[in-house]
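# Report on the structure
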Amino acid sequence: MAHFEEVCKQSDLHPKPAGLVLQYGTAGFRTSANKLDHIMFRMGLLATLRSKKTKATIGVMVTASHNPEEDNGVKLIDPMGEMLTSSWEDYATQLANTDQNELVKTLKDIIEKEAIDMSQEANVYVGKDTRSSSSSLSQAVLDGVKALGGHSKDYGLVTTPQMHYMVCCQNTRGKYGEATVEGYYCKLSQAFSQLAKNASNRTDDQKHLSVDGANGIGAIKVREMESHLKNHMQLSVFNDGSRGKLNHQCGADFVKVQQTLPRAGIKINPGDRCCSFDGDADRIVYYYTDSQGDFHLLDGDKIATLISTFLKELLNEAGLDLKIAVVQTAYANGSSTHYLENTMKVIVKCTKTGVKHLHHAAQEFDIGVYFEANGHGTVLFSDGAEEKIQQLANDTNINDERKKAAFLLQNTINIINQTVGDAISDMLLIEAILAIKGMTVQQWDAIYSDLPNRQLKVKVSDRRVIDTTDSERRAVTPAGLQEAIDDLVKKYEKARSFVRPSGTEDVVRVYAEADTQESADALAHEVSLAVYGLAGGVGDEPKPLH
Ligand SMILES: CC(=O)N[C@H]1[C@@H](OP(=O)(O)O)O[C@H](CO)[C@@H](O)[C@@H]1O
Ligand SMILES: [Mg+2]
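Residues numbered from 1 in each chain as written. Chains lettered and ligands numbered in written order. Predicted model: local features only at pLDDT ≥ 70, side-chain atom pairs only at ≥ 80, totals over all residues. Heavy atoms only, no water.

## Let's talk about the pattern of salt bridges
For the record, the criterion: Whenever a carboxyl oxygen of Asp or Glu lies within 4 Å of a side-chain nitrogen of Lys or Arg, that contact is scored as a salt bridge. Every helix listed is a DSSP run of H or I at least four residues long, and every strand listed is a run of E at least two residues long, numbered separately from the N terminus. When accessible area is computed with a 1.4 Å probe and restricted to protein chains, residues below 20% of their type maximum are described as buried, those above 50% as exposed, and intermediate ones as partly exposed.
For the structure on display, the rule yields 27 salt bridges. Across the pair Lys53 and Glu114 runs a salt bridge, and its minimum N-O distance is 3.1 Å. You can see Lys53 sitting in helix 2 (residues 37-54) and its partner Glu114 sitting in the loop between helix 4 (103-113) and strand 4 (123-128), a full 61 residues away along the chain. Given the relative accessible area of 17%, Glu114 is considered buried. In this structure, Asp521 engages Arg454 in a salt bridge whose closest nitrogen and oxygen atoms are separated by 2.7 Å. Of this pair, Asp521 sits in helix 19 (residues 517-534) while Arg454 sits in strand 15 (residues 453-458); the two residues are 67 residues apart in sequence, bridging distant segments of the chain. Given the relative accessible area of 15%, Arg454 is considered buried. Among the ionic contacts, a cluster of salt bridges with common partners joins Lys75, Asp280 and Asp282.

## Comments concerning the site of ligand 1
Condition: The cutoff for a nearby residue is simple: one of its non-hydrogen atoms must lie within 4 Å of the molecule or strand. Within 3.5 Å is the distance limit for a polar contact, defined as a pair of N or O atoms, with the added protein rule that one can donate a hydrogen and the other accept it, and that residues adjacent in sequence qualify only through two side-chain atoms. The Shrake-Rupley method, run with a 1.4 Å probe sphere, supplies the accessible areas, and residue values consider only the shown protein chains as cover. Put simply, Ala, Val, Leu, Ile, Met, Phe, Trp, Tyr, Cys and Pro go in the nonpolar bin, Asp, Glu, Lys and Arg in the charged bin, and everything else, Gly too, in the polar bin. Start and end positions for the domains come from either an automated domain assignment or a database one.
If you check the shell around ligand 1, you find 13 residues, and the closest are Glu372, Ser502, Gly503, Thr504 and Arg509. Taking Arg500, its side chain carries an N or O atom lying 2.8 Å from an oxygen atom of ligand 1. Contact between ligand 1 and Arg509: an oxygen atom at 2.6 Å from a side-chain N or O atom of the residue. Protein coverage of the free-state accessible area of ligand 1, which is 430 Å², stands at 92%. Here the shell around ligand 1 is built from residues that sort into two nonpolar, seven polar and four charged. Among the domains, domain 3 (300-420) and domain 4 (453-534) are the pair contributing at least three residues each to the shell around ligand 1.

## Some words on the packing of helix 15 (residues 400-415) against helix 16 (residues 423-437)
Defined as follows: Here an axis means a line fitted to C-alpha atoms, over the contact stretch when the element is a helix, while the angle between two N-to-C directions is reported on a 0 to 180 degree scale. By the definition adopted for this analysis, an angle is roughly parallel if under 35 degrees, roughly antiparallel if over 145, roughly perpendicular if from 65 to 115, and oblique otherwise. In what follows, residue pairs with any heavy atoms lying within 4.5 Å of each other are defined as contacts.
Axis separation between helix 15 and helix 16 bottoms out at 9 Å; the angle between their running directions is 155 degrees. When the axes of helix 15 and helix 16 are compared, the pair comes out roughly antiparallel. From helix 15, Leu408, Thr412 and Ile415 reach across to helix 16, where they touch Ser425, Leu428, Leu429 and Ile436. Residues belonging to the contact of helix 15 with helix 16 are distributed by class as follows: five nonpolar, two polar and no charged.

## Topic: the domain arrangement of the protein chain
If you check the domain split of the protein chain, you get domain 1 (2-157), domain 2 (183-296), domain 3 (300-420) and domain 4 (453-534). Here the C-alpha centroids of domain 1 and domain 4 sit 35 Å apart.

## Quick notes on the side chain of Asp282
Checked against the element boundaries, Asp282 lands in the loop between strand 8 (274-277) and strand 9 (284-289). Dropping the residues within four chain positions of it, Asp282 is found in contact with Ser65, Lys75, Thr160, Pro161, Gly375, His376, Gly421, Asp422 and Ala423.

## Looking at the packing of aromatic side chains
Just so we agree on the cut-off: Note on aromatic pairs: the rings of Phe, Tyr and Trp (six-membered ring only in Trp) are paired at centre separations within 6.5 Å, and the planes decide the class, stacked below 30 degrees, edge-to-face beyond 60, tilted for the rest. Charge over a ring is defined by NZ of Lys or CZ of Arg lying within 6 Å of the ring centre and within 35 degrees of the ring normal.
Summed over the entire model, instances satisfying the criterion amount to 12 aromatic pairs. Centroid distance Tyr125 to Tyr155: 5.0 Å. Interplanar angle 65 degrees. Geometry classified as edge-to-face. Of this pair, Tyr125 sits in strand 4 while Tyr155 sits in strand 5 (residues 151-157), and the two are 30 residues apart along the sequence. Side by side, Tyr125 and Tyr155 carry an identical accessibility label, which is buried. Taken together, the aromatic side chains of Tyr165, Tyr176, Tyr184 and Tyr185 make up a single cluster linked through ring pairs. For Arg50, the ring lying beneath its charged end belongs to Trp88, and the centroid distance is 4.9 Å. Over the ring of Tyr448 we find Lys302; its NZ or CZ atom is 4.5 Å from the centre of that ring.

Quick look at the structure:
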């Protein structure tokens, strides 16, 4: 067929560097931008096949999220706005690594295996972040779609969650919202205005929020959103990309891992409510400093607690019997899990790291709140739960308290981006909850106290020697490692530690928590030494933090 000739011709313009092998990992492909041109072209091809197969619009987002500006990456978005189904991740890896002269054969294999009707129309939406490499790389995706005869729509600069939203809107024929950036702002800001009506007498101070945009796309988009929010919120946007470097000493990942204020580009006063987005605005963390200048972080665990408390109270007031659960990973602070299980008495589930795992687990419940500790998360409502809430909101025979709760639940559904974690949507929901509950960031922080914790990285020659079980909380290989960790953990109070190979970097990650920061730091260091010794450490031996 003519398309394959075109693929061959075009593919020569997007050559694969010899010997390069890349894998579709936790967050798609991610590496130095200069190695990705052929990957982008080929993901354009794959997205076109996926669209033909599903008879739906597929999304492609060009971004490397919180990684340095020099990196880039790409991920595919499935019809309902969710991550690409895992069975197709293997096709992505095959296509990425196949030699130029085998490309058509690899394509034909996929077409045959999936019984794809090539006469079916294909539709692919493409978006990109603000990296300097993103323009040419997203053009390579568009070239791939065109080569296989697919239709494409280039959304240009958008946040990752906006891209997921567009795909979902398109494939639900507008039921989820209008598939434009403007439609996104309208849907979210209308829901926010409705929720904010239920907050009494907020002062300008209470409406004020400092936002660290990580010098990325989130800064641009939150500014665009601001005009839709009218006088409901007052934003000061720092690290808006006009000067600083993307993700450099700022942004959600920096703040979470370093447990400190953005080192660059932000001016705040003690007590000010602040938040940081990551480079593609799918993560958010909150923080403030107290009068002593001490830093207080409100991470994904605190966000999940705030949101699930709010929802549980509304369900009670509405008299709705819906099952709510919180999904976390092993990185969730032990205090958060304890609080959720024992004080709030909600179901808590732990999954492997990576949003797709949390997302799937959250789909099992009427209402599933999922957050990674690093601030990536959202809330999922089952169709049944949405229907019940809708019915109640339309019921004229209920008392005012139930009516109000149903109205708040309805608008909470609308403010949330259920397709994926979304810094802007999460920010609006958190701001609405704080406003409705008349709560300060300090009061939110006081719901429970985090256990001091530390995250470290260890370089080893092959991180695949570490295999884990129990949602990554225990290592089964190499021999002796888990026993060594168990012995170290016993030395400390309230201690917990685990190790796992990263899915996005060539490192082993070490996590430790304990009753004091000194203990958490010491435990993390000792476990790093155990990893270094038993799992083939390379380079210098890990040094103590103090
Ligand atoms: C400890 C940590 O924050 N890990 C991150 C990181 O995964 P790793 O597999 O740990 O490299 O990147 C993922 C993709 O962004 C994110 O989902 C995950 O939470
Ligand atoms: Mg991100």
